[in-house]
Amino acid sequence: MNTTELRLIDANLNRLREGIRVVEDIFRYVYNNKDIASKLKELRHKSRISIYDELLDSRDIKNDVLKQSTASEKSRDDLNSILIANFKRAQESSRVLEEVCKLEENNSSEVFKYIRYELYDLEKALTKITSNSK
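Residues numbered from 1 in each chain as written. Predicted model: local features only at pLDDT ≥ 70, side-chain atom pairs only at ≥ 80, totals over all residues. Heavy atoms only, no water.

Peer 1: What should I look at first to understand the packing of helix α1 (residues 3-30) against helix α4 (residues 79-100) in this one?
Peer 2: In a pair of packed helices, the angle between the axes and the distance between the axes together describe the arrangement. Two numbers describe how α1 lies on α4: the axes approach to 8 Å, and their chain directions differ by 150°. Here α1 runs over α4; the crossing is left-handed. For the contact of α1 with α4, the residue count by class is 18 nonpolar, five polar and three charged. (Axes fitted to C-alpha atoms, helices over the stretch in contact; angles between N-to-C directions. Helix = DSSP H or I, 4+ residues; strand = E, 2+ residues; numbered from the N terminus. Left-handed = near helix turned anticlockwise from the far one by under 90°. Nonpolar A, V, L, I, M, F, W, Y, C, P; charged D, E, K, R; others polar.)

Peer 1: Explain the nonpolar core here, please?
Peer 2: As a rule of thumb, soluble globular proteins bury nonpolar side chains together. Ranked by size, the top nonpolar core spans 24 residues in total, and within it Leu16, Ile20, Phe112, Leu119 and Leu126 carry the most contacts. Of all the secondary structure elements, the ones that give two or more residues to this core are α1, α2 (34-46), α4 and α5 (108-132). Counting residues per element, this core draws most heavily on α1, at eight residues. Beyond its immediate chain neighbours, meaning those up to four positions away, isoleucine 20 contacts Leu40, Leu43, Arg44, Ala90, Ile115 and Leu119. (Core = buried A, V, L, I, M, F, W, Y, C linked by side-chain atoms within 4.5 Å. Buried < 20%, exposed > 50% of the residue type's maximum accessible area, 1.4 Å probe, protein only. Contact = heavy atoms within 4.5 Å.)

Peer 1: Is there a simple way to think about the environment of phenylalanine 27 in this case?
Peer 2: When you line up the elements, phenylalanine 27 lands in helix α1. Once the C-alpha coordinates of phenylalanine 27 and leucine 40 are considered, the two residues, 13 residues apart in sequence, prove to be 9.1 Å apart. In this view, phenylalanine 27 contacts Asn32, Asn33, Ile36, Ala37, Leu83, Leu126, Ile129 and Thr130; residues no more than four positions away in its chain are not counted.

Peer 1: I keep staring at unusual backbone geometry and nothing clicks. Help me out?
Peer 2: Backbone phi values are negative for most residues with the exception of glycine, while trans is the configuration of most peptide bonds. For asparagine 32, which is not a glycine, the phi torsion comes out positive at approximately 50°. With respect to the helices and strands, asparagine 32 occurs in the loop between α1 and α2. Given the relative accessible area of 63%, asparagine 32 is considered exposed.

Peer 1: What should I look at first to understand the side chain of glutamate 98 in this one?
Peer 2: Looking at the element boundaries, glutamate 98 is found in helix α4. Residue classification places glutamate 98 among the buried positions, given a relative accessible area of 4%. Apart from residues lying up to four places away in sequence, glutamate 98 is in contact with Ser109, Phe112, Lys113 and Arg116.

Peer 1: Looking at this model, I keep getting lost on the packing of aromatic side chains. Mind explaining?
Peer 2: Aromatic rings in a pair are described by how distant their centres are and how their planes are angled relative to each other. Scanning the entire structure with this criterion turns up two aromatic pairs. Each ring, one from tyrosine 117 and one from tyrosine 120, has its centre 5.5 Å from the other, and the planes form 90°; the classification is edge-to-face. Within this pair, tyrosine 117 and its partner tyrosine 120 are both found in helix α5, separated by three residues, close to a single helical turn. The exposure class of tyrosine 120 is partly exposed, given its relative accessible area of 34%. (Phe/Tyr/Trp six-rings, centres within 6.5 Å; stacked < 30°, edge-to-face > 60°.)

Shown next, in the form of structure tokens:
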């Protein structure tokens, strides 16, 4: 893979794991739900690629043209809106990873597809929990 493809993967792996981690911590610390937090932790741990050094070398934060936050990223209404934003962030990133990994002859693409569909199912169930606790 070339540097730009590695940079794309690096950014989306970070975004995916960060989004999952926010949701995981909400269910770990706010709802004290071990089962849900453990499932999210499992998905987060599945979102790894074995080329860490190459990914790190490709990282170029100084030249990221969209590193500034948008207005909608700077505020959230409640815990439910944080949950939804981070589910969407993780789902979108897993889709990018699924597509970019198709450039290589391996099964990483299927792993990210699995993660994406698991996140869709979890989002449906878990946003009901947080929206009911307002």
